[in-house]
Amino acid sequence: MDFVESDEQALLRESVAKIAASFGHGYYAERARAGGRATELWDALAEPGYLGVSIPEQFGGGGQGISELAIVCEELAAQGCPLLLLVVSPAIAGTVIARFGHAEQQARWLPGIAAGTTKFAFAITEPDAGSNSHRLSTTATRDGDIYKLNGTKYFISGVDEADHILVVTRTGTDETTGRGKLSLFVVPTDAHGLTADVIPVEINAPEKQYTLFFDDVEVAATDLVGNEGDGLFQVFFGLNPERITGASIANGLGRYALEKAAEYAKTRNVWGQPIGAHQGIAHPLAIAKIQLEQARLLTQKAAWLYDAGLDAGEAANMAKYAAGEAANFAVDQAIQTHGGNGMTTEFGLADVWGMVRLQRIAPVSREMVLNFVAQHTLGLPKSY
Ligand SMILES: Cc1cc2nc3c(=O)[nH]c(=O)nc-3n(C[C@H](O)[C@H](O)[C@H](O)COP(=O)(O)OP(=O)(O)OC[C@H]3O[C@@H](n4cnc5c(N)ncnc54)[C@H](O)[C@@H]3O)c2cc1C
């Protein structure tokens, strides 16, 4: 067992951190506040190929794994620049298309995802289904060479920036269980019949959230990804990378906050010595560090299992939970350490709170992770 990253991984970490630091949290927060996009940062990461590290080489990607994409996500967040689009575009859409797309689809979409010139959003969540994907009601109905999509999705990130959306639809219902038979489609964001409304949220991020309305949106049958009815299995294949990269964002945000807190605790002096000398300040920061390292180890294990082609479901869920909790604790303690300054714009902590709090809700909520572990790991009965 080797806990030391390869030279290539260490270099990737260092290079991404350097690019992100050259923009910094100030740039990110200002873009977000102005309702703008982090395009310059995205392009700076795209140029050396960092957005496509996990896409196969034959499509212009780096040919590496989710471990490397997780490094990119973590280092960005550790500089206060978490990018949700990395989770939906290369991690989910890139993975699902590389694995289940047919050759023509892969050739059409993967080079753009690898280069960062094509952005994908991902739409599974619905107002009436939420955490229960079996209950999805956005339908895709075949009509000759096309499918017609009807329904509503909500909380879909980055639709205004994306060229395409990987949409999870219902193409049938299992007679015995009543559960949806799901299928995945690639839908252009400018498709006729597709409209998007912004959902105002208290998260200071450049990516906006949308409700999507599909009203007889026509999609070519050739844009069905994989097999009709296999969507649930296929999408779960993409959800482990989603959980791992999501956990990496949380881990990075925790590091971002902890670094600021340690620095402040060393320099702020109100009783003749730095506040970090008080154990009421020092111990919670030490606990935050331990929790973050636990979460990072779980995340690296999940990524390693995934890249090795092994079952990463349990580890990815656990990593997502641990990272969400660790990041929330770290940011809360960092704010506390800063006293009043913790609430200022200048110190850049309170404005990441929404993004950090999100890590306990999405892409999978802490309760659904606990359900997974209770049922699948511990064998406890299902209550719902
Ligand atoms: C900023 C943001 C970005 C997002 N981006 C995307 C995106 O790009 N694409 C996308 O498809 N979705 C996206 N989502 C949606 C996100 O994945 C969902 O919000 C999340 O999965 C929870 O679903 P829900 O909001 O419907 O909550 P619900 O399913 O309504 O759950 C509400 C609460 O009940 C709990 N709960 C539900 N069922 C159970 C149960 N069986 N046992 C115990 N507790 C339970 C949940 O844990 C939660 O605390 C985003 C959400 C946000 C806020």
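Everything discussed here concerns the structure shown above.
Residues numbered from 1 in each chain as written. Predicted model: local features only at pLDDT ≥ 70, side-chain atom pairs only at ≥ 80, totals over all residues. Heavy atoms only, no water.

Visitor: Lay out the overall build of the protein chain with the relevant residues and their values.
Guide: Within the protein chain, the secondary structure is distributed over ten helices and eight strands. Taking 2.2 N^0.38 as the reference for a compact globule, 384 residues should give roughly 21 Å; the C-alpha atoms of the protein chain span a radius of gyration of 21 Å, in line with that estimate. Expressed as lengths along the three principal axes of its C-alpha atoms, the size of the protein chain is roughly 80 × 50 × 45 Å. A buried classification covers 52% of the 384 residues belonging to the protein chain. A fraction of 71% describes how many contacts in the protein chain between residues 6 or more apart in sequence connect residues 24 or more apart. Counting only carbon and sulfur atoms, one obtains 52% of the accessible surface of the protein chain, whose full area is about 17000 Å². (Helix = DSSP H or I, 4+ residues; strand = E, 2+ residues; numbered from the N terminus. Rg over C-alpha atoms; globule rule 2.2 N^0.38 Å. Buried < 20%, exposed > 50% of the residue type's maximum accessible area, 1.4 Å probe, protein only. Contact = heavy atoms within 4.5 Å. Areas by Shrake-Rupley, 256 points an atom, 1.4 Å probe, with all protein chains shown as cover.)

Visitor: An account of the pattern of salt bridges is needed here, citing residue identities and associated values.
Guide: In the structure shown here, the tally under the stated rule is 20 salt bridges. Note that R108 and E104 form a salt bridge whose closest N and O atoms lie 2.9 Å from each other. With R108 and E104 both in helix α5 (residues 103-115) and four residues apart, this pair spans about one turn of that helix. Accessibility expressed as a relative area gives 39% for R108, which makes it partly exposed. A relative accessible area of 40% means that E104 is categorised as partly exposed. E325 is paired through a salt bridge with R360; the nearest N and O atoms lie 2.9 Å apart. Here E325 is found in helix α8 (residues 313-337), whereas its partner R360 is found in the loop between α9 (353-358) and α10 (366-377), with 35 residues between them in sequence. (Salt bridge = Lys/Arg side-chain N within 4 Å of Asp/Glu carboxyl O.)

Visitor: Please give an account of the environment of T299 that cites residues and values.
Guide: By secondary structure assignment, the location of T299 is in helix α7 (residues 279-307). Taking the C-alpha atoms as reference points, T299 and V168, separated by 131 residues in sequence, lie 26 Å from one another. If we ignore the near neighbours within four places in the chain, the residues touching T299 are I244, A247, S248, N251 and A319.

Visitor: Describe a nonpolar patch on the surface, naming the residues involved and giving the relevant values.
Guide: Residues M1, F3 and L297 make up a contiguous nonpolar surface patch of about 450 Å² in total accessible area. On the secondary structure map, M1 appears in the segment before α1 (7-33). For M1, a relative accessible area of 94% corresponds to the exposed category. (Patch = residues over 30% accessible without salt bridge, like charges linked within 9 Å, V, L, I, M, F, W, Y side chains within 5 Å.)

Visitor: Can you lay out the packing of helix α4 (residues 84-100) against helix α6 (residues 231-267) for me, pointing to particular residues and giving the numbers?
Guide: Following both chains from N to C, one finds α4 and α6 inclined at 150°, their axes separated by 9 Å at the closest point. Classed by the angle they form, the pair α4 and α6 counts as roughly antiparallel. α6 is crossed by α4, and the crossing has right-handed handedness. Contact with α4, carried on its side by V87, A91, I92, T95, V96, R99 and F100, involves F233, Q234, F237, G238, P241, E242, T245, G246 and I249 of α6 and no other residues of that element. For the contact of α4 with α6, the residue count by class is nine nonpolar, five polar and two charged. (Axes fitted to C-alpha atoms, helices over the stretch in contact; angles between N-to-C directions. Parallel < 35°, antiparallel > 145°, perpendicular 65-115°, else oblique. Left-handed = near helix turned anticlockwise from the far one by under 90°. Nonpolar A, V, L, I, M, F, W, Y, C, P; charged D, E, K, R; others polar.)

Visitor: Explain the nonpolar core to me, and be specific about the residues and the numbers.
Guide: Ranked by internal contacts, the top residues of the largest apolar core, which has 93 residues, are L41, L45, L76, L83, L86, F122 and L166. For this core, the element with the most residues is α6, which contributes 13 residues. Not counting residues up to four positions away in its chain, the partners in contact with L45 are V16, I19, Y50, L51, L76 and L83. (Core = buried A, V, L, I, M, F, W, Y, C linked by side-chain atoms within 4.5 Å.)

Visitor: For helix α3 (residues 66-78), give the residues involved together with the corresponding values.
Guide: Note: α-helices contain 3.6 residues per turn, so residues at a spacing of three or four share the same orientation. Its 13 residues place the ends of α3 18 Å apart at the C-alpha level, agreeing with the 18 Å of an ideal helix rising 1.5 Å per residue. Downstream of α3 by a residue or two, G80 has a phi angle that is positive, lying close to 80°. (Expected span 1.5 Å × (residues − 1).)

Visitor: Outline the site of the ligand, listing residues and values.
Guide: T125, S131, F155, S365 and E367 are the nearest of the 22 residues found near the ligand. Within the side chain of T125, an N or O atom sits 2.7 Å from a nitrogen atom of the ligand. Taking S131, its side chain carries an N or O atom lying 2.6 Å from an oxygen atom of the ligand. Taking 960 Å² as the accessible area of the ligand by itself, protein coverage stands at 70%. Of all the elements in the fold, those that place two or more residues in the shell around the ligand are β1 (120-123), β3 (146-157) and α10. Top contributing element to the shell around the ligand by residue count: β3, with four residues. The class makeup of the residues in the shell around the ligand is 14 nonpolar, seven polar and one charged. (Near = heavy atom within 4 Å. Polar contact = N/O pair within 3.5 Å; in protein donor to acceptor, adjacent residues only side chain to side chain.)

Visitor: I'd like to hear about unusual backbone geometry, residue by residue, with values.
Guide: The amide bond that connects A362 to the next residue, P363, takes the cis arrangement and shows omega of -5°. Structurally, the position occupied by P363 is in the loop between α9 and α10. Phi at F155 takes a positive value of approximately 60°, unusual for a residue other than glycine. With respect to the helices, strands and loops of the structure, F155 is situated in strand β3. Even without glycine at this site, D216 takes up a positive phi of about 50°. Of note, D216 is situated in strand β7 (residues 209-220). What makes D216 partly exposed here is its relative accessible area of 40%.

Visitor: Break down α8 for me, with residues and values.
Guide: Taking 1.5 Å of rise per residue, 25 residues should cover 36 Å, and α8 covers 36 Å from first to last C-alpha, within 8% of that figure. Buried residues dominate α8, accounting for 19 of its 25 residues.

Visitor: Got a sec to walk through the pairing of β1? Specific residues and values, please.
Guide: Neither face of β1 is left uncovered, since the one carrying F120 and F122 and the one carrying A121 and A123 both have all their residues buried. Bridging between β1 and strand β4 (residues 164-173) involves four bridges; their strand directions are parallel. Bridge assignment links A121 to a residue of β4, and that residue is I165. (Pairing = 2+ DSSP bridges.)

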